[in-house]
Amino acid sequence: MGQEAITLFQLNQRIKGIIDDALLTSIWVKAEIGELRVNRNGHCYLDLIEKSDDTDQLKARSRAMIWARNFRMLKAYFESTTGQSLTTGLKVLVKVSVQFQEVFGMSLVISDIDPSYTMGDLARKRREVLLKLEEEGVLEMNKELQLADVIQKIAIISSPTAAGYGDFVDQLETNHWGIKFYHHLFPAVMQGENAESSIAEAFDKVFEYVGFFDAVVLIRGGGASIDLLCFDSYWVAYHLAQFPLPVITGIGHERDESVADLVANTTLKTPTAVAAFLIERAGAFIQIIDEKSAWIADIARERLQQEKQRTENLASAYVPLVKMDLQKRQARLERQVGRLPVTVSRRLGDAFNKLSRIADKSGSLSIQIIRGERNSLKTNLQKVSTLPFKRFLEEDRKLKYLEQTAVLNDPVKLLKKGYSLSYVNGQLVKDVSLVKKGDQITTRISNGEIKGVVEMVNKKNNNNKY
Amino acid sequence: MPKKKLSYNEAITEIEEILERMESDELDVDELSEKVKRVSELVTYCRNKLKTTEEEVEKVLKEMEE
Amino acid sequence: MPKKKLSYNEAITEIEEILERMESDELDVDELSEKVKRVSELVTYCRNKLKTTEEEVEKVLKEMEE
Amino acid sequence: MPKKKLSYNEAITEIEEILERMESDELDVDELSEKVKRVSELVTYCRNKLKTTEEEVEKVLKEMEE
Amino acid sequence: MPKKKLSYNEAITEIEEILERMESDELDVDELSEKVKRVSELVTYCRNKLKTTEEEVEKVLKEMEE
Amino acid sequence: MPKKKLSYNEAITEIEEILERMESDELDVDELSEKVKRVSELVTYCRNKLKTTEEEVEKVLKEMEE
Amino acid sequence: MPKKKLSYNEAITEIEEILERMESDELDVDELSEKVKRVSELVTYCRNKLKTTEEEVEKVLKEMEE
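Conventions used here
- Residues numbered from 1 in each chain as written.
- Chains lettered and ligands numbered in written order.
- Predicted model: local features only at pLDDT ≥ 70, side-chain atom pairs only at ≥ 80, totals over all residues.
- Heavy atoms only, no water.
- UniProt positions renumbered as here; feature names shortened; annotations may be inferred.
- Pairing = 2+ DSSP bridges.
- Helix = DSSP H or I, 4+ residues; strand = E, 2+ residues; numbered from the N terminus.
- Axes fitted to C-alpha atoms, helices over the stretch in contact; angles between N-to-C directions.
- Contact = heavy atoms within 4.5 Å.
- Parallel < 35°, antiparallel > 145°, perpendicular 65-115°, else oblique.
- Left-handed = near helix turned anticlockwise from the far one by under 90°.
- Nonpolar A, V, L, I, M, F, W, Y, C, P; charged D, E, K, R; others polar.
- Buried area = accessible area lost by both parts, 1.4 Å probe.
- Salt bridge = Lys/Arg side-chain N within 4 Å of Asp/Glu carboxyl O.
- Polar contact = N/O pair within 3.5 Å; in protein donor to acceptor, adjacent residues only side chain to side chain.
- 1 Å grid on protein atoms, 1.4 Å probe; cavity = no way out; pocket = protein on both sides within 12 Å on 5 of 7 lines; lining within 4 Å.
- Points joined across faces, edges and corners; volume = space filled by probe spheres on them.
- Domains from an automatic or database assignment.
- Buried < 20%, exposed > 50% of the residue type's maximum accessible area, 1.4 Å probe, protein only.
- Right-handed = clockwise from strand over helix to strand, strands pointing away.
- Core = buried A, V, L, I, M, F, W, Y, C linked by side-chain atoms within 4.5 Å.
- Phe/Tyr/Trp six-rings, centres within 6.5 Å; stacked < 30°, edge-to-face > 60°.
- Lys NZ or Arg CZ within 6 Å of the ring centre and 35° of its normal.

If you check an unreviewed UniProt entry, chain B appears there as Exodeoxyribonuclease VII small subunit from Marinilabilia rubra. As recorded by UniProt, the Sequence similarities (unreviewed entry) comment attached to chain B reads in full: "Belongs to the XseB family."

As recorded by an unreviewed UniProt entry, chain A carries the name Exodeoxyribonuclease 7 large subunit and is attributed to Marinilabilia rubra. You can read under Catalytic activity (unreviewed entry) in the UniProt record for chain A the words "Exonucleolytic cleavage in either 5'- to 3'- or 3'- to 5'-direction to yield nucleoside 5'-phosphates." As recorded by UniProt, the Sequence similarities (unreviewed entry) comment attached to chain A reads in full: "Belongs to the XseA family."

Following this line, the structure appears as structure tokens:
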């Protein structure tokens, strides 16, 4: 063949030259930490990867490293800012320079890291998890479970080796109330890549005894690591939220609550706090029972005293009542007795008075009648003494009248006055026509008669009176 | 003179009868004057009777008042 | 003199009748003095009766008041 | 004398009737003294009755007070 | 004497009725002494009843206090 | 004597009812002594009941309070 | 003695019910000692359950270890 060839070293030298010429230094790169390890010298070696958003397929991969001197500084800065250890699975924004070494090939030397990018990413992921849980309607499920008044039987999910676990158990068993707690550990890896599935597995185990336990305690011993990624994981939260027993978390963290904390029934900062909570809750129950029973005792005693008082009050009330009643009746009776003589003597007095009035009246009426009769007798007497004299006067007058009338008719009297009576043939002449010449006429006067003959008769026309 | 038995009333009646006859011209002049005389007698009789009666009444009344 | 049995009322009635006749001149002069006498007697009778009654009544009243 | 059986009320009623007749002049003088006597008797009767009642009541009251 | 069955209240009511009738003059004088007697009987009955009751009550009360 | 089955409350209620009737004068004297006897029995019953209950309760409470 | 299976919650609920009835004076004196006894039992039951190790529970735990 005789083709011209260069050595690998030469090739690598050439690549190094190209990369160096490209001046790929101080470039901010977004990537995910695929793997991370720190060697004895304190240098940190990482795999930076990029996955496809939808398929999760690896799109890019590159080795990277942080020099020990730099790494100590960046790690502290990162962890203090994010509250999260720099670990696999985190998305980071790092400032890199591309380096090519003939022996090791290409690697990215990280000189700076921007924690705010990671924080933003973590927050976004958390939000996504929470949103998903909420959409599935499981977010509040565990919270809705009622915590027993006394949580006496406890399933613990923890790393068995964690110091936090030991302290927790110790605290429960030596509680000052003397309360007996029953607990069983369901071990789980609480950090790292397996944490998620390990915790989920532990929950599954607890589920087998779900009727036995009062609650599940999820605690993480306070180690150096602050790898809390698993507690933000969807699967852990999903298990936890839907667990039929209330879950109490004591994960121990500095910053925002993890998703696990958010969905747990009760969230406390540390395992110690969880133990204290359980002890105090049971203690409070004892206190409540003691208080209520003391209260009941008080009420019972008070009630009995009241009833005693009531009975005695009634007993003492009715004696005077009866006596008063009898007295009242006696008084009423005696009042009536008192009325009797008054009424009777008034009645009799009235009757006596009436009789006196009657006697008086009959007297005065009699006198009145007699007086009346006397008066009428007097009147009669007066009449009888006047009436006859009136009569006498009348009779007298009458006689006078009669006498006068008689006298007036006496013819003797008329003759005496000069009147005369003429007779022809013995007849009193009253009509001149009955007299004729030659008739014998006798005229009578008072003291004798005159006889003659009629010579002439003259007749008056109208008046033929004497 | 009227008879003793003649009552006051009879006397008055007789007088009145005479007066009636006088007025009706039934009487003769001679009878007339005779009747006038009779009337006069009767009147006197009556007057006496009245007087007597009055005295009697007065006497009775006087007795009663005593 | 009225009969013993004559009551006060009958006496009064008789008096009143006589007086009435007197007033209406029904009474004859001849009867007059006799009637006046009768009235007089009756009045006396009544007076006596009243007196007696008064005394009796007074006696009774006095008794009643004792 | 009123009959034994006469009640106080009947006696009073009788008295009142008599008094009423007296007042309305229905009573004859002839009846007067008799009626007054009757009233007197009745009053006496009533008084006795009252007196007896009074004594009885007194007796009963005294007994009651013992 | 009131019937055995008469209650105290009935007795008191009867007394009051009688007194009321007496006071309002509804009661006749003839009834008066009889009714007074009745009241007296009733009062005696009531007094005895009260006395007996009082003794009984006292006895019971004494027993209870022992 | 109250029936065995009578509760404390019933006994108290009965006492109060009797007292109320006493106060409102509804009781006849005839009932009075009987009711006083009844109240007396009831009071004794209540006192006994309270005493027994108190002893029982105290015993239980003492046990509980230890 | 309460049933073995009674929960703390049931116990406290029962105690509270009794307390409530006691406070509202619903409880008859007759019930009082019975209810106090019940409370005492419940309290004792809870205290024992809280402070004494229950063999059965221990057994279950032990089985879990295996």
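Caption draft 1: Structural view of the sheet that holds strand β5 (residues 105–113) of chain A. All names here are of chain A. Taken in spatial order, the five strands line up as β1-β2-β3-β5-β4 and close into a barrel, and their pairing is mixed. Averaged over neighbouring strand pairs, the angle between their axes works out to 55 degrees when direction is ignored. In this structure, strand β2 (residues 44–51) lies alongside strand β3 (residues 58–66), joined through eight bridges in antiparallel fashion. By the bridge assignment, K51 is partnered in β3 with L58. The strands touched by helix α2 (residues 68–82) within the sheet are β1 (27–38), β2, β3, β4 (91–101) and β5, with β5 carrying the most contacts at an inclination of about 45 degrees.

Caption draft 2: Spatial organisation of the packing of helix α8 (residues 271–408) of chain A against helix α2 (residues 29–65) of chain F. Between α8(A) and α2(F), whose axes approach to 10 Å, the crossing angle comes to 165 degrees. Classed by the angle they form, the pair α8(A) and α2(F) counts as roughly antiparallel. When the axes of α8(A) and α2(F) are compared, the crossing they make is left-handed. Grouping the constituent residues of the contact of α8(A) with α2(F) by class yields 17 nonpolar, five polar and 10 charged.

Caption draft 3: Seen up close, the interface of chain C and chain D. Across the boundary between the two partners, chain C contributes 12 residues, which contact 11 residues of chain D. Across the chain C to chain D interface the summed buried area is about 960 Å²; carbon plus sulfur atoms make up 66%. At the boundary of chain C with chain D, the tally comes to one salt bridge. On inspection of chain C and its partner chain D, the count reaches four residue pairs in polar contact (both at pLDDT 80 or more). Among the elements of the structure, α1 (8–23) and α2 (29–65) of chain C are those that each provide at least two residues to the side of chain C that touches chain D. Looking at which element gives the most residues to the side of chain C that touches chain D, the answer is α2(C), with eight residues. Of the residues contributing to the side of chain C that touches chain D, the split by class is six nonpolar, three polar and three charged.

Caption draft 4: Fine view of the layout of surface pockets. Residues and elements named next belong to chain A. The calculated volume of the largest pocket comes to roughly 1,500 Å³. Along the wall of the largest pocket there are 46 residues; nearest its centre are E32, T88, G89, K125 and L229. Mapped by element, the contributors of at least two residues to the lining of the largest pocket are β1, β2, α2, α3 (115–135) and α6 (234–242). With eight residues, α3 is the single largest residue contributor to the lining of the largest pocket. For the lining of the largest pocket, the class distribution of residues is 15 nonpolar, 10 polar and 21 charged. Per-domain counts for the lining of the largest pocket show at least three residues from each of domain 1 (8–133) and domain 2 (142–269).

Caption draft 5: Layout of the interface of chain A and chain G. Facing 30 residues of chain A, the contacting portion of chain G comprises 31 residues. Carbon and sulfur atoms make up 71% of the area that chain A and chain G hide from each other, which totals about 2,700 Å². For chain A, the biggest contributors to the area lost against chain G are Y182(A), I296(A) and R303(A); these three give 23% of the whole. Summed over the shared surface of chain A and chain G, the number is three salt bridges. Two residues, E16(G) and K292(A), come together in a salt bridge whose shortest N-O distance is 2.4 Å. Of all the secondary structure elements, the ones that give two or more residues to the side of chain A that touches chain G are β7 (182–187) and α8 of chain A. Ranked by residue count, the leading element in the side of chain A that touches chain G is α8(A), at 15 residues.

Caption draft 6: Spatial organisation of the environment of E32(A). Residues and elements named next belong to chain A. Within the secondary structure, E32 is located in strand β1. Sequence-wise, E32 and G89 are 57 residues apart; in three dimensions their C-alpha atoms are separated by 6.1 Å. With residues up to four places along the chain from it excluded, the contact list for E32 reads D47, L48, I49, K51, G89, L90 and K91.

Caption draft 7: Layout of empty space enclosed by the protein. All names here are of chain A. Applying the stated criterion across every chain, the model contains one cavity of 30 Å³ or more. Within this model, the largest cavity holds a volume of roughly 30 Å³. Lining the largest cavity we find I33, L46, L48, I66, L86, V92, V94, I110 and I113. At the level of elements, β2, β4 and β5 are the ones that each hand at least two residues to the lining of the largest cavity. Counted by class, the lining of the largest cavity contains nine nonpolar, no polar and no charged residues.

Caption draft 8: The pairing of strand β9 (residues 247–250) of chain A, seen in detail. Residues and elements named next belong to chain A. The alternating pattern of β9 places V247 and T249 on one face and I248 and G250 on the opposite face, and all of these are buried. Bridging between β9 and strand β10 (residues 266–268) involves three bridges; their strand directions are parallel. Paired with T249 across the strands is T267, a residue of β10.

Caption draft 9: Spotlight on the pattern of salt bridges. Following the criterion strictly, the structure yields 57 salt bridges over all chains and no others. Here D30(C) makes a salt bridge to K49(B), at a shortest N to O gap of 3.3 Å. Taken together, the positions of D30(C) in helix α2 and K49(B) in helix α2 (residues 29–65) put the pair across two chains. On the basis of relative accessible area, K49(B) is assigned to the partly exposed category, the value being 25%. What you see here is one network of salt bridges that share partners, running through D121(A), R124(A), K125(A) and E128(A).

Caption draft 10: Looking closely at the pairing of β7(A). Residue and element names in this part refer to chain A. Here β7 lies mainly inside the structure; five of its six residues are buried. Relative to β7, strand β6 (residues 153–158) is paired through six bridges, and the arrangement is parallel. Considered in β7, the bridge of S158 is made with P187. For the handedness criterion, the β-α-β arrangement of β6, helix α4 (residues 163–173) and β7 is classed as right-handed.

Caption draft 11: Region of the structure containing the nonpolar core. If you look at the biggest cluster of nonpolar residues, it comprises 185 residues, and the most contacted ones within it are F168(A), L278(A), Y318(A) and M22(F). The element contributing the most residues to this core is α8(A), with 41 residues. A domain split of this core shows at least three residues from each of domain 2 (142–269) and domain 3 (298–414) of chain A. One finds A195(A), F203(A), V216(A) and A260(A) within the second-largest nonpolar core, a separate group that totals 39 residues.

Caption draft 12: Structural view of the packing of aromatic side chains. Counted under the stated rule, the structure contains 10 aromatic pairs over all chains. Note on Y234(A) and W235(A): the rings are 5.2 Å apart at their centroids and 70 degrees apart in plane angle, and the pair reads as edge-to-face. The interplanar angle of 80 degrees and the centroid separation of 5.5 Å between the aromatic rings of W235(A) and Y238(A) together place this pair among those described as edge-to-face. Here W235(A) pairs with Y238(A), and both are found in helix α6, just three residues apart, close to one helical turn. The class of W235(A) is partly exposed, set by a relative accessible area of 47%. Note on Y238(A): relative accessible area 26%, which makes it partly exposed. These aromatic residues form a ring-pair network of at least three members: F186(A), Y209(A), F212(A) and F213(A). Of note, K132(A) hangs over the ring of Y234(A), and the distance from its end group to the ring centre comes to 4.1 Å. A cation sits over an aromatic face here: K49(G) above Y8(G), 5.3 Å from the ring centre.

Caption draft 13: Summary view of the side chain of S40(D). Within the element layout of this structure, S40(D) appears in helix α2 (residues 29–65). Overall, the relative accessible area of 8% leaves S40(D) in the buried class. With residues up to four places along the chain from it excluded, the contact list for S40(D) reads V60(C) and M64(C).

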